[in-house]
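Listed here are the chains, written in short residue letters.
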Amino acid sequence: MEKIGFILKQMEKRIKGKRRQLELILATFLAGGHLLLEDRPGVGKTTIAKTLAEVLGLEFKRIQFTADLLPSDILGVNYFDLNLKEFRFKKGPIFTEILLADEINRASPKTQSGLLEGMEEQQVTIDGKSYRLSPFFFVIATQNPLEESGTFPLPISQLDRFMSALSIGYPDREAERIILLRKGLPPVEKVERTEVERLRQLAREVIVREPIIQLLLNIGEFTRGELFKGGVSTRGLMAILEMAKSWALIRGRDFVIDQDVVDVLPVTLSHRIVPKENNFSVIPTILSAVLK
């Protein structure tokens, strides 16, 4: 797809040497999911989120999660306007299109859960009244997997809300050299919102045939066996399916093949299941069992 190539080319002006990660991030957006970036500080997570919003022409906001952050700091609050003599609602930063939830595991579980309704239902409820979010609403949450002090690990039930989870990693030597030499971020061009809508619609229309459904059912059954503490949920299988559809679109096809599922499985499944023992590689074990 020409427009997909254009979007990725614009993002690569700023994010060097990370083509596959950028493709996976874009696939998550096109599939209508949400993304968890698990990585150490300073590898470009914020730059990726801002650049994606800029190239897609979408509004961007960032929340720095801290231990004293409250749900109302995310969602907004009703307050009494003394001049108008009535209650008014002040929208929080969740009312945006691309939201960076930075270091989400530093906030309390109660505050973390403030995002859940918005992520799942594209709406938030304040004092019994529901407010719709943008149809493009996309959460990019980050956490540092090496930092444990003062953090609240996300439970599996909350991790399941993220369609994909991945790591950016350090740039290679040449990419880092380019980053060190440049002066500021280069400008990027953006696509029209109508094009963004069209790409999302095309991702939804990608054809899925019965053998792919059977493959997903086999994955689900295998993860619910004796090797794991708990298998992938039906929502998790739906996430793999939608991600595979958008991945097929990025690869220039209007139908899903086995390889699409194989390609997206590491980022859509690894954060959803926990092995009983740590003496085997999760994804290769699953693939070897279901692709016989």
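Described below are features of the structure shown in this document. Throughout this description, residue numbers start from 1 for each chain and increase along the sequence as written. Per-residue local features are limited, in this predicted model, to residues with pLDDT of at least 70; the limit for side-chain atom pairs, both in listing and counting, is 80 or more; totals at the level of whole chains, interfaces and linings are taken over all residues. For side-chain calculations, the full set of non-hydrogen atoms in the structure is used, while hydrogens and water are omitted.

## Re unusual backbone geometry
Excluding glycine, residues mostly carry a negative phi; peptide bonds, for their part, are mostly trans.
Alright, step 1. Positive phi, close to 55°, is recorded for Glu 103, a residue that is not glycine.
Alright, step 2. Of note, Glu 103 is situated in the loop between β5 (98-102) and α5 (109-112).
Alright, step 3. One non-glycine residue, Gln 122, lies in the positive phi region at around 55°.
Alright, step 4. In this structure, Gln 122 sits in the loop between α6 (116-121) and β6 (123-126).
Alright, step 5. Relative accessible area decides the class of each residue, using a 1.4 Å probe on protein chains only: under 20% of the type maximum gives buried, over 50% gives exposed, and in between gives partly exposed. When its relative accessible area of 24% is taken as the criterion, Gln 122 is described as partly exposed. Numbering goes from the N terminus for both helices and strands, where a helix is a DSSP run of H or I of at least four residues and a strand is a run of E of at least two.

## A short note on the pairing of β5
Alright, step 1. Counting buried residues along β5, five of its five residues qualify, which places the element largely inside the surrounding structure.
Alright, step 2. Side chains Ile 98, Leu 100 and Asp 102 of β5 all project onto a buried face; the interleaved residues Leu 99 and Ala 101 project onto the opposite face, where all are buried too.
Alright, step 3. Only strands that DSSP links by at least two bridges are regarded as paired with each other. Summarising the sheet, strand β2 (residues 60-64) and β5 pair through five bridges and their orientation is parallel. Bridged to Lys 61 within β5 is Leu 99.
Alright, step 4. Where β5 lies against strand β8 (residues 138-143), four bridges are found, and the strand directions are parallel.

## What to know about the packing of helix α1 (residues 2-12) against helix α3 (residues 45-56)
Alright, step 1. The interhelical angle for the contact between α1 and α3, taken along N-to-C directions, is 135°, at an axis separation of 10 Å. With respect to their mutual orientation, α1 and α3 come out oblique. Like other packed secondary-structure pairs, α1 and α3 cross with a definite hand, here right-handed. Counted together, Ile 7, Gln 10 and Met 11 of α1 and Ile 48, Thr 51, Leu 52, Val 55 and Leu 56 of α3 form the full contact between these two elements.
Alright, step 2. Lys, Arg, Asp and Glu make up the charged group, whereas Ala, Val, Leu, Ile, Met, Phe, Trp, Tyr, Cys and Pro make up the nonpolar group; the residues left over, Gly among them, are polar. In terms of residue class, the contact of α1 with α3 is built from six nonpolar, two polar and no charged. Axes, fitted as lines to C-alpha atoms, cover a helix only where it is in contact. Angles between the N-to-C directions of the axes lie from 0 to 180 degrees. Roughly parallel here means an angle under 35 degrees, roughly antiparallel means over 145, roughly perpendicular means 65 to 115, and every remaining angle is called oblique. Crossings are sorted by hand: turned counterclockwise from the far helix by less than a right angle, the near helix makes the crossing left-handed, and turned clockwise it makes it right-handed. Any two residues having at least one pair of non-hydrogen atoms within 4.5 Å are treated as being in contact.

## Considering the pattern of salt bridges
Alright, step 1. Put simply, a salt bridge is a Lys or Arg side-chain nitrogen that is within 4 Å of an Asp or Glu carboxyl oxygen. Overall, the coordinates contain 18 salt bridges when judged by the stated rule.
Alright, step 2. For Arg 14, the salt bridge identified is with Glu 54, shortest N-O distance 3.0 Å. Taken together, the positions of Arg 14 in the loop between α1 and α2 (19-30) and Glu 54 in helix α3 put the pair 40 residues apart, joining distant regions of the chain.
Alright, step 3. Taking the relative accessible area as the measure of exposure, Arg 14 reaches 8% and is therefore buried.
Alright, step 4. A salt bridge links Arg 198 to Glu 195, with the nearest nitrogen and oxygen atoms 3.2 Å apart. Placement of both Arg 198 and Glu 195 in helix α9 (residues 193-204) is noted, with a separation of three residues, approximately one turn of the helix.
Alright, step 5. By relative accessible area, which is 35% here, Arg 198 ends up partly exposed.

## A short note on the side chain of Gln 112
Alright, step 1. Positionally, Gln 112 belongs in helix α5.
Alright, step 2. Given a relative accessible area of 0%, Gln 112 falls into the buried group.
Alright, step 3. Setting aside its immediate chain neighbours within four residues, Gln 112 contacts Ile 104, Asn 105, Ala 107, Phe 152, Leu 154 and Gln 158.

## Notes on the nonpolar core
Alright, step 1. Counting 66 residues, the largest nonpolar core has Leu 30, Leu 52, Ile 140, Ile 219, Val 261, Leu 269 and Ile 286 as its most contacted members.
Alright, step 2. In contact with Leu 30, not counting residues within four places along its chain, are Ile 4, Leu 199, Arg 200, Ala 203, Ser 246, Leu 249 and Ile 250.
Alright, step 3. Residues Leu 115, Val 124, Ala 141 and Leu 159 belong to the second largest nonpolar core, which totals 26 residues. In plain words, nonpolar cores are sets of buried Ala, Val, Leu, Ile, Met, Phe, Trp, Tyr and Cys residues tied together by side-chain atoms within 4.5 Å.

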